[in-house]
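Examination of the molecular architecture
Below are the chains, spelled out letter by letter.
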Amino acid sequence: MAVRSAPGKVILLGEHTVVYGRPAIAASIRPRLELTVAVGEAPGIESGDPRVRTALETAAAIYGIDPRRIGIGVESEIPIGCGLGSSAAFSVALLRSLGELAGRPLEELELLRRATEVENAFHGTSSGIDVAVASLGGVIWFERPSGGLPRASRLPVHDAFDLVVALSDERRSTAGPVGRLRERVRTHPGLYHQFFDLAANLVHAGRGALGTGDFETLGCLMDAAHGLLNSMGVSTPTLERMTTIARRAGALGAKLTGAGGGGAIVALAPETAHDVAEALRAEGFEAFVTRVGEPAEEADATEDSEIRVEEIEHAGDERAVG
Ligand code: MEV
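The notes below deal with the structure included here. Since this is a predicted model, take the numbers as computed values, not measurements. (Residues numbered from 1 in each chain as written. Predicted model: local features only at pLDDT ≥ 70, side-chain atom pairs only at ≥ 80, totals over all residues. Heavy atoms only, no water.)

**What to know about empty space enclosed by the protein**
Considering all chains together, one arrives at one cavity of 30 Å³ or more under this definition. Considered as a void within the structure, the largest cavity measures approximately 60 Å³ in volume. For the largest cavity, the full set of lining residues is L13, G14, E15, T17, A199, L202, V203, A225, L228, L229 and M232. A breakdown of the residues in the lining of the largest cavity according to their chemical character gives eight nonpolar, two polar and one charged. (1 Å grid on protein atoms, 1.4 Å probe; cavity = no way out; pocket = protein on both sides within 12 Å on 5 of 7 lines; lining within 4 Å. Points joined across faces, edges and corners; volume = space filled by probe spheres on them. Nonpolar A, V, L, I, M, F, W, Y, C, P; charged D, E, K, R; others polar.)

**As for helix α7 (residues 215–231)**
The first and last C-alpha atoms of α7 sit 24 Å apart over 17 residues, in line with the 24 Å expected at 1.5 Å per residue. Every buried residue belonging to α7 is among F215, L218, G219, L221, M222, A225, H226, L228 and L229, and all of these are buried. Elements that come into contact with the buried residues of α7 comprise β1 (2–13), β6 (161–167), α6 (189–212), α8 (237–248), β7 (253–257) and β8 (264–268). (Helix = DSSP H or I, 4+ residues; strand = E, 2+ residues; numbered from the N terminus. Expected span 1.5 Å × (residues − 1). Buried < 20%, exposed > 50% of the residue type's maximum accessible area, 1.4 Å probe, protein only. Contact = heavy atoms within 4.5 Å.)

**What about the sheet that holds strand β9 (residues 286–292)?**
The strand order across the open sheet formed by four strands is β7-β8-β6-β9, and the pairing between neighbours is antiparallel. Among the strands making up the open sheet, the edge pair consists of β7 and β9. For this sheet, the mean angle separating the axes of adjacent strands, direction not counted, is 25 degrees. By the bridge criterion, five bridges tie β6 to β8 in an arrangement that is antiparallel. By the bridge assignment for β8, V164 is matched with A267. (Pairing = 2+ DSSP bridges. Axes fitted to C-alpha atoms, helices over the stretch in contact; angles between N-to-C directions.)

**A word on the site of the ligand**
The immediate surroundings of the ligand are formed by K9, I11, E15, H16, V18, V19, S126, S127, I129, D130, V178 and A259. Between the ligand and K9, the relevant distance is 3.1 Å, taken from an oxygen atom to a side-chain nitrogen or oxygen of the residue. Take S127: an N or O atom from its side chain is 2.6 Å from an oxygen atom of the ligand. Within the complex, 96% of the 300 Å² of free accessible area of the ligand lies under protein. Judged by its atoms lying within 2 Å of the grid points, the ligand is housed in the largest pocket. Of all elements in the fold, only β1 and α4 (129–136) reach the threshold of two or more residues within the shell around the ligand. Here the residues of the shell around the ligand sort into six nonpolar, three polar and three charged. (Near = heavy atom within 4 Å. Polar contact = N/O pair within 3.5 Å; in protein donor to acceptor, adjacent residues only side chain to side chain. Areas by Shrake-Rupley, 256 points an atom, 1.4 Å probe, with all protein chains shown as cover. Sits in = over half its atoms within 2 Å of the grid points.)

**Some details on the nonpolar core**
One finds V10, L84, F90, L94, V164, V276 and L280 to be the most contacted residues of the largest nonpolar core, which totals 89 residues. When sequence neighbours within four positions are dropped, the list of residues in contact with V276 reads V164, A246, A249, G250, A251, A267 and A269. One finds V18, L112, V133 and I140 within the second-largest nonpolar core, a separate group that totals twelve residues. (Core = buried A, V, L, I, M, F, W, Y, C linked by side-chain atoms within 4.5 Å.)

**Focus on the layout of surface pockets**
If you add up the space inside the largest pocket, you get close to 630 Å³. Lining the largest pocket are 37 residues, and of these S86, S87, E119, H123 and T174 sit closest to its centre. Secondary structure elements with two or more residues in the lining of the largest pocket: β1, α1 (50–63), β3 (70–76), α2 (86–102), α3 (108–123) and α4. Within the lining of the largest pocket, the residues separate by chemical class into 15 nonpolar, 15 polar and seven charged.

Structure follows, in structure tokens:
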């Protein structure tokens, strides 16, 4: 039996545009998913969700295991269907567990590539950013140039800070907003690629702000990113309301996070997290505070994960991760 866990995530800047080759910044969050996996003679538990079955078959094929022999137990604190990375955490924890049981753990770069394949069972084709965060933990710079290989590396953060994550009551699939945006891009490529370039500028500026601890600037960038996402058609009236509540309660910036169309918002609140979370709860939204950039996040890392991160940074220079 193997027990492995992985964290959920928020995208701070760059969702959707990351699918079109632009960079993005994401962070792991406190809620985690834990998988208990066993491979035995008896058939494993049948999941009613065909996406879970496909994910299991994809993961089992990597190790040459009969998927019917795999039994899994899932315990998750990560809300499902909110764009907080539960399927990526599942995919990473599943591959790590099977690797342990098969005595053939995947090295980190291969894990990213394979976990993206497993996660595609849930979302169709994904950029891979969610599995990069679930696998590495911490604050992650992610980029997948069109037609190229992904690059993922941990970003240095000047000061740890609090984020508030709040859930809208609108559950949705990632594939829906991603597909609708793809249709818009097909119809008006010139317009949308201008949006994407602008979004990429925000991400680059965000990297600088995180590196110097300039939260005022980071907040402005998150607000601007949200405005762009709204212009791309992936916000909803509820998400607009939630970001407004967060800003009025003292957040330095607030935006939808993940694919949008419902799901969750993330608010930057280094000094006001309690007030922001309370204001959102008072309006009926589930909200929690999560700290980003703490050295404690290194607890995610296994003994050799620093080497792995360095490998990724090195490979990233050569555009050769995955
Ligand atoms: C999903 O968390 C973020 C999107 O950019 C899709 C992806 O990157 O695969 C919307």
